[in-house]
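# Report on the structure
Listed here are the chains, written in short residue letters.
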Amino acid sequence: MTLPPGQRAVDGFPRFGKDLKNPPPPVPADPVIKLAGTGVLTEDVTVAVSELGKLPRREVRADFHCVAGWSATGLVWEGVAFKDFYRVLVEPVLLPGAAVSHLVFTGADGVRAMVLLEDALGEDVLVAERLGGEPLTGDHGAPVRLVSPWQYGYVNIKHLCRIEFHVTAPAVTDRWSPLAAHPRARVRKEERHRRLPGWVVRPFYRGVVVVIRVLSAKGAKGAKSGKGP
Ligand SMILES: Nc1nc2c(c(=O)[nH]1)N[C@H]1C(S)=C(S)[C@@H](COP(=O)(O)O)O[C@H]1N2
Ligand SMILES: [Mo]
């Protein structure tokens, strides 16, 4: 299978992210996902991760593409389709007439990503609990993460603990990206950057990846010394 433009295959699936110096955030005993939306939801809702077991299971086999240029191939994710999550858990608490257009996903490490509702409702988008037949490890987003294979990695928020619902584009200033992230981030269209063509920013991201790898090696040492989960 050919990779999307500007991507190179890597062996395995490296841990990546904003804060690789530190171990991944610990998983609470009873993890939850909070749903919030002022003027959009009738009330804020707390969904226990254990409740996801009531929704239909979905398996998705996909490649994973970091905006920095590496791709991990042939990953098998399992969880619930975000479409089903939305239909069962969100639609019943929407205020009448609320036309949701944008979502903000937040991880337990504070990393956030804005996603258009139409992209989140795409066919292969999962709230994933398992990877390769095993529960997610801390490295890859335990206890649950968003998986949106047609969008760059930065949309695929790990340690998912909060989803906000909006009817207009929210200002997401702390969404992690070395450059202005694209609101759609579709890999096939190389939407790496909000304004610049994807191929222009490729070399910049390649540089970032080297720096992150060094930090990543340090992070791995920290984890082995027993500091992290
Ligand atoms: N909570 C959280 N989610 C995150 C990140 C992060 O730093 N924190 N980094 C993003 C980026 S840039 C990438 S490429 C992928 C990496 O996922 P992986 O560590 O499972 O390879 O997670 C994304 N989701
Ligand atoms: Mo990334």
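### Concerning the pattern of salt bridges
According to the stated counting rule, one finds 15 salt bridges in the structure shown. As a salt-bridge pair, Arg 58 and Glu 123 come within 3.7 Å of each other at their nearest N and O atoms. With Arg 58 in strand 4 (residues 58–65) and Glu 123 in the loop between helix 2 (117–120) and strand 8 (126–131), this pair connects stretches of sequence that are 65 residues apart. Note on Arg 58: relative accessible area 22%, which makes it partly exposed. With a shortest N-O distance of 3.8 Å, Arg 58 and Asp 124 are connected by a salt bridge. Placement of the pair is Arg 58 in strand 4 and Asp 124 in the loop between helix 2 and strand 8, with a sequence separation of 66 residues. In this structure, a network of salt bridges that share partners links the residues Arg 57, Glu 78, Glu 129 and Arg 130.

### Overview of the pairing of strand 4
As paired elements, strand 4 and strand 5 (residues 70–81) share seven bridges and run antiparallel to each other. Within the sheet, the bridge partner assigned to Glu 59 lies in strand 5 and is Glu 78. With antiparallel pairing between neighbouring strands as the criterion, strand 4 and strand 5 make up a hairpin whose turn holds four residues, including Gly 69 at a positive phi of roughly 115°.

### Side note on unusual backbone geometry
Among all residues save glycine, negative phi is the norm, and among peptide bonds the norm is trans. That bond from Ala 142 to Pro 143 is cis: its omega, 0°, falls within 30 degrees of zero. Relative to the elements of secondary structure, Pro 143 occurs in the loop between strand 9 (134–135) and strand 10 (145–147). Residues other than glycine seldom take positive phi values, yet Ala 185 does so here, at roughly 55°. Checked against the element boundaries, Ala 185 lands in the loop between strand 11 (160–166) and helix 3 (198–224). By relative accessible area, which is 0% here, Ala 185 ends up buried. Even without glycine at this site, Glu 190 takes up a positive phi of about 50°. You can call Glu 190 buried: its relative accessible area is 9%.

Analysis parameters
Counting from 1, residues in each chain are numbered in the order their sequence is written. Chains carry letters and ligands carry numbers; both start at the beginning, A for chains and 1 for ligands, and go up in the order they are written. This being a predicted model, a pLDDT of at least 70 is required before a residue's local features are given, and a value of 80 or more before pairs of side-chain atoms are given or counted; all residues contribute to the totals for chains, interfaces and linings. By convention in this description, side-chain values take in all heavy atoms of the structure and omit both hydrogens and water. The term salt bridge refers to a side-chain nitrogen of Lys or Arg lying within 4 Å of a carboxyl oxygen of Asp or Glu. To qualify as a helix, a DSSP run of H or I must reach at least 4 residues; to qualify as a strand, a run of E must reach at least 2; elements of each kind are numbered from the N terminus. Only protein chains enter the calculation, and the probe is 1.4 Å; a residue is then buried if its accessible area is under 20% of its type maximum, exposed if over 50%, and partly exposed in between. Here a strand pair is declared whenever DSSP counts at least two bridges between the two strands.

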